[in-house]
Amino acid sequence: MHTQLYIDGQWVDGVGKLPVYDPSDGSVIAEVALAGDAQCDAAIAAADAAAKAWAKTAPRYRSEILRKAFELMTAENEAIATMISRENGKAMPDARGEATYAAEFFRWFAEETVRTPGDFRKSPSGDKRILVTHEPIGLSILITPWNFPAGMATRKIGPAVAAGCTMILKPAGETPLTALAIVDILERCGLPKGVLNVILPPQSGPAISKVLHDPRVKNLSFTGSTQVGKILLKEAADQVIRCSMELGGNAPFVVLDDANVEEAVKGLLMAKMRDLTNRVRSGRFRSSEMSDPTMTVTSLGDRGVEAVFPVIYPPQVAIIGFGTVIDEPVIHLCALATELDDGKAVGKAFMVFDPAVGQCQIGLEGRIDERAERADAETFQRFRQPRRGH
């Protein structure tokens, strides 16, 4: 397990340590190095120094590195999934799924690396020829969120490697270990030094602002909240840095009157409830701060209630495939804010963390499984609080 920063092909110490917690029990998994100004400057210098030679490498050379990384990630899927689960809190089935699809980004871009498009055409006047080619944009800053620590890293690193850009990766402070494990894989696959660097500043805002005002930086790729995205866009504007943003929001789920509601519910649950709603497309299932995990299905009418309620809150308690939540665990009371035809309240549903099985359990009021009842009050209260280190 790597816990140091990665700069110019070397694992180096920083200015301090940041504990990484296991959200299931609050224990410290590891302490990772923090990057001060000197480390951030060194990362920029390393990426800039490597940029010219890296941009000139053959597409096939870069493609083979990505292909090897895909194969190695696939071979080490279980280890990567375990790391994701430990620091992010996902249940292992979700973690394995993320590790698999994260590796697929490397395979996809390995294949696309050798297919860089161009254009050749006659000018409108007919007396000239127009040739359009593509070249690397340059040093790129990659900022990833905690909810998909592997998938978001490979989705940004893959195209940068394919295009011939050098990079500085800033993973989320809650989940840096997965990103460092992916960097280790790329190093083993022969990625030249300086091409990929990893920093983790103790205060991201001021540090990233300084980085974005460095004239050597040409590109920014960010996945995270809309609020932070707006700030970064303003910061990037001073140097006219190219930006790619995937920002969180409230994605609506529209079901028309003639739809098959049962099938719609299946798709809705797959899209919205996976990963315990810790997704940018979580729609109305949670607020932006994850403090109100209630769901309203009044727009679906009675059919919606009848279809949704048995799936989410079954008559008999079901142990579901949710891990613990990294930020503000949704262990408190959840209410289904809808009534049936006769005006009687549907009832209340609980989500309780059960240390006996290491998962959450759900059930209707008065029907909580006995294993959930064994979750003592102290555990229940602890999992209602924001995780330490925030």
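Residues numbered from 1 in each chain as written. Predicted model: local features only at pLDDT ≥ 70, side-chain atom pairs only at ≥ 80, totals over all residues. Heavy atoms only, no water.

**Notes on the overall build of the protein**
Right, so step 1: In terms of helices and strands, the protein carries twelve helices and 15 strands.
Right, so step 2: Across the 390 residues in the protein, those meeting the buried criterion constitute 47%.
Right, so step 3: Within the protein, contacts between residues separated by at least 24 positions form 68% of all contacts whose residues are at least 6 apart in sequence.
Right, so step 4: Of the roughly 18,700 Å² of accessible surface on the protein, 53% is carried by carbon and sulfur atoms. (Helix = DSSP H or I, 4+ residues; strand = E, 2+ residues; numbered from the N terminus. Buried < 20%, exposed > 50% of the residue type's maximum accessible area, 1.4 Å probe, protein only. Contact = heavy atoms within 4.5 Å. Areas by Shrake-Rupley, 256 points an atom, 1.4 Å probe, with all protein chains shown as cover.)

**Notes on empty space enclosed by the protein**
Unoccupied space between atoms shows up once a probe the size of one water molecule is rolled over them.
Right, so step 1: According to the stated counting rule, one finds two cavities of 30 Å³ or more in the structure shown.
Right, so step 2: Each pocket or cavity is described by its volume, and for the second largest cavity that value is around 40 Å³.
Right, so step 3: Taken together, Gln4, Leu5, Val32, Ala33, Pro171, Pro176, Leu180, Val198, Ile199 and Leu200 make up the lining of the second largest cavity.
Right, so step 4: Partitioning the lining of the second largest cavity into residue classes produces nine nonpolar, one polar and no charged. (1 Å grid on protein atoms, 1.4 Å probe; cavity = no way out; pocket = protein on both sides within 12 Å on 5 of 7 lines; lining within 4 Å. Points joined across faces, edges and corners; volume = space filled by probe spheres on them. Nonpolar A, V, L, I, M, F, W, Y, C, P; charged D, E, K, R; others polar.)

**Points about the pattern of salt bridges**
Right, so step 1: Scanning the model with the defined rule gives 13 salt bridges in all.
Right, so step 2: Where Lys210 meets Asp37, a salt bridge forms, and the shortest distance between an N and an O atom there is 3.9 Å. Of this pair, Lys210 sits in helix H7 (residues 204-212) while Asp37 sits in helix H1 (residues 37-55); the two residues are 173 residues apart in sequence, bridging distant segments of the chain.
Right, so step 3: Across the pair Arg67 and Glu71 runs a salt bridge whose closest N-O atoms are separated by 3.2 Å. Residue Arg67 and its partner Glu71 are located together in helix H2 (residues 59-75), separated by four residues, close to a single helical turn.
Right, so step 4: For Arg67, a relative accessible area of 29% corresponds to the partly exposed category.
Right, so step 5: Among the charged side chains, a salt-bridge network with shared partners connects Asp37, Asp41 and Lys210. (Salt bridge = Lys/Arg side-chain N within 4 Å of Asp/Glu carboxyl O.)

**Some thoughts on the packing of helix H3 (residues 77-88) against helix H6 (residues 176-188)**
Right, so step 1: At their nearest, the axes of H3 and H6 sit 8 Å apart, and the two run at 160° to each other. In this view, H3 runs roughly antiparallel relative to H6, as classed from their interaxial angle. Contacts between H3 and H6 involve Ile80, Met83, Ile84 and Glu87 from the first element and Pro176, Leu177, Thr178 and Ile185 from the second.
Right, so step 2: Broken down by class, the residue content of the contact of H3 with H6 amounts to six nonpolar, one polar and one charged. (Axes fitted to C-alpha atoms, helices over the stretch in contact; angles between N-to-C directions. Parallel < 35°, antiparallel > 145°, perpendicular 65-115°, else oblique.)

**Quick notes on the packing of aromatic side chains**
Two aromatic rings, taken as a pair, are described by how far apart their centres are and by the angle between their planes.
Right, so step 1: Tallying each qualifying case throughout the model produces four aromatic pairs.
Right, so step 2: Considering the side-chain rings of Tyr6 and Trp11, the 4.7 Å spacing of their centres and the 50° angle between planes classify their relative orientation as tilted. Each of the two residues, Tyr6 as well as Trp11, counts as buried.
Right, so step 3: Ring plane angle 65° and centroid distance 5.5 Å describe the contact between Tyr101 and Phe105, whose orientation is recorded as edge-to-face. Of the two residues, Tyr101 and Phe105 both sit in helix H4 (residues 92-112), four residues apart, roughly one turn of that helix.
Right, so step 4: On the basis of relative accessibility, which here comes to 17%, the residue Phe105 falls in the buried class.
Right, so step 5: Cluster of aromatic residues (ring-pair linked, three or more members): Tyr101, Phe105 and Phe148. (Phe/Tyr/Trp six-rings, centres within 6.5 Å; stacked < 30°, edge-to-face > 60°.)

**Observations concerning the packing of H7 against helix H8 (residues 226-237)**
Right, so step 1: At a minimum axis separation of 9 Å, H7 and H8 run at an interaxial angle of 35°. Where H7 crosses over H8, the handedness of that crossing is right-handed. Where H7 approaches H8, its residues Ile208, Ser209 and Leu212 are matched on the opposing element by Leu232, Glu235 and Ala236. (Left-handed = near helix turned anticlockwise from the far one by under 90°.)

**Details of the layout of surface pockets**
Right, so step 1: Space inside the second largest pocket adds up to approximately 650 Å³.
Right, so step 2: Lining the second largest pocket we find 28 residues, and of these Pro159, Ala160, Ala162, Ala163 and Cys165 sit closest to its centre.
Right, so step 3: Every element with two or more residues in the lining of the second largest pocket is listed here: H2, H4, strand E7 (140-143), helix H5 (151-163), strand E10 (219-224) and strand E11 (242-247).
Right, so step 4: Among the elements that take part in the lining of the second largest pocket, H5 stands out by supplying six residues, more than any other.

**Re H3**
Right, so step 1: With twelve residues, H3 should cover 16 Å at 1.5 Å per step; its first-to-last C-alpha distance of 16 Å lies within 8% of that length.
Right, so step 2: Inspection of H3 places Asn77, Ile80, Ala81, Met83, Ile84, Ser85, Glu87 and Asn88 among the buried residues, and these make up the whole buried set. (Expected span 1.5 Å × (residues − 1).)

**Focus: the pairing of strand E5 (residues 119-122)**
Right, so step 1: Across four bridges, the pairing between E5 and strand E6 (residues 129-132) is antiparallel. Paired with Arg121 across the bridge in E6 is Ile130. (Pairing = 2+ DSSP bridges.)

**Brief notes about the environment of Leu220**
Right, so step 1: As for its placement among the helices and strands, Leu220 is situated in strand E10.
Right, so step 2: Assessed through its relative accessible area of 0%, Leu220 is described here as buried.
Right, so step 3: Setting aside residues up to four positions removed in sequence, Leu220 forms contacts with Ile141, Ile143, Leu212, Leu232, Ile241, Arg242, Cys243, Ser244 and Met245.

**Considering the nonpolar core**
Right, so step 1: Phe106, Ile141 and Ile157 are the most contacted members of the largest nonpolar core, which has 70 residues in total.
Right, so step 2: For this core, the leading source of residues is H4, giving eight residues.
Right, so step 3: In contact with Ile141, other than residues within four places in its own chain, are Ile168, Val211, Leu212, Val217, Asn219, Leu220 and Ser221. (Core = buried A, V, L, I, M, F, W, Y, C linked by side-chain atoms within 4.5 Å.)

**Re the side chain of Ser63**
Right, so step 1: Checked against the element boundaries, Ser63 lands in helix H2.
Right, so step 2: A relative accessible area of 4% means that Ser63 is categorised as buried.

**A few points about unusual backbone geometry**
Right, so step 1: The backbone phi angle of Asp8 is positive, close to 55°, even though this residue is not glycine.
Right, so step 2: Along the chain, Asp8 falls in the loop between strand E1 (5-7) and strand E2 (10-12).
Right, so step 3: The phi dihedral of Val240 is positive, around 50°, even though this residue is not glycine.
Right, so step 4: Residue classification places Val240 among the exposed positions, given a relative accessible area of 73%.

Purely spatial values, then, with no claim about function.
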